[in-house]
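# Architecture at a glance
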Amino acid sequence: MANSYKPGEKADRSGQYEIVGPRGGRTGIERTVVKGEPLPPTQHSGQRYIMVDPTKNGAGRKN
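First, a word on scope: everything that follows refers to the structure included in this document. (Residues numbered from 1 in each chain as written. Predicted model: local features only at pLDDT ≥ 70, side-chain atom pairs only at ≥ 80, totals over all residues. Heavy atoms only, no water.)

## Overview of the pairing of strand E2 (residues 15–20)
Burial analysis of E2 places five of its six residues in the buried class, the great majority of the element. As judged from the five bridges shared by E2 and strand E3 (residues 26–33), these two strands associate in the antiparallel manner. From the neighbouring strand, Glu18 faces E3, where its bridge partner is Glu30. Taking the residues between adjacent antiparallel strands as the criterion, E2 and E3 are bridged by five residues, where Gly24 takes a positive phi near 95 degrees. With six bridges connecting them, E2 and strand E4 (residues 48–54) associate as antiparallel partners. In the strand pairing of E4, Gly15 is matched with Pro54. (Buried < 20%, exposed > 50% of the residue type's maximum accessible area, 1.4 Å probe, protein only. Helix = DSSP H or I, 4+ residues; strand = E, 2+ residues; numbered from the N terminus. Pairing = 2+ DSSP bridges.)

## Here we look at the side chain of Thr42
Examined against the element boundaries, Thr42 turns out to sit in the loop between E3 and E4. Within polar-contact distance, the side chain of Thr42 engages the backbone oxygen of His44 at 3.0 Å. Once residues lying within four places of it in the same chain are set aside, the contact partners of Thr42 are Pro7, Ile19, Gln47 and Tyr49. (Polar contact = N/O pair within 3.5 Å; in protein donor to acceptor, adjacent residues only side chain to side chain. Contact = heavy atoms within 4.5 Å.)

## Let's talk about the sheet that holds E2
With respect to topology, four strands assemble into an open sheet ordered E1-E4-E2-E3, the strand pairing being antiparallel. This sheet does not close on itself; its edge strands, each paired only once, are strand E1 (4–5) and E3. Both E1 and E4 contribute to a ladder of two bridges, which runs antiparallel. Paired with Tyr5 across the strands is Tyr49, a residue of E4.

## Things to note about the nonpolar core
Core analysis: the largest hydrophobic core is formed by seven residues, namely Tyr5, Ala11, Tyr17, Ile19, Val33, Leu39 and Tyr49. Filtering out sequence-adjacent residues up to four positions away, Leu39 remains in contact with Tyr5, Lys6, Pro7, Gly8, Glu9, Tyr17, Val33 and Tyr49. (Core = buried A, V, L, I, M, F, W, Y, C linked by side-chain atoms within 4.5 Å.)

Dropping the structure here:
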C-alpha cells in the first residue's frame, strides 16, 4: 500500500486524502487537507488515509 497516515498526523502535502480500511480496502470517502494541518478523525477505528490527488498549484512549495 502507498504511504498511509493515521488520523491526527500532519499532512505532508495539500490535497485529497482517501480513507482506507484496516486491510487496505478503499472506501471512496475523501477529505481535503492543507499541508501541515492534522488529518481529521475517521468513522471507524483502524482506518487510515492515503494521498490520492495532490494539489497542483504549487502554493507553499519551496524552490
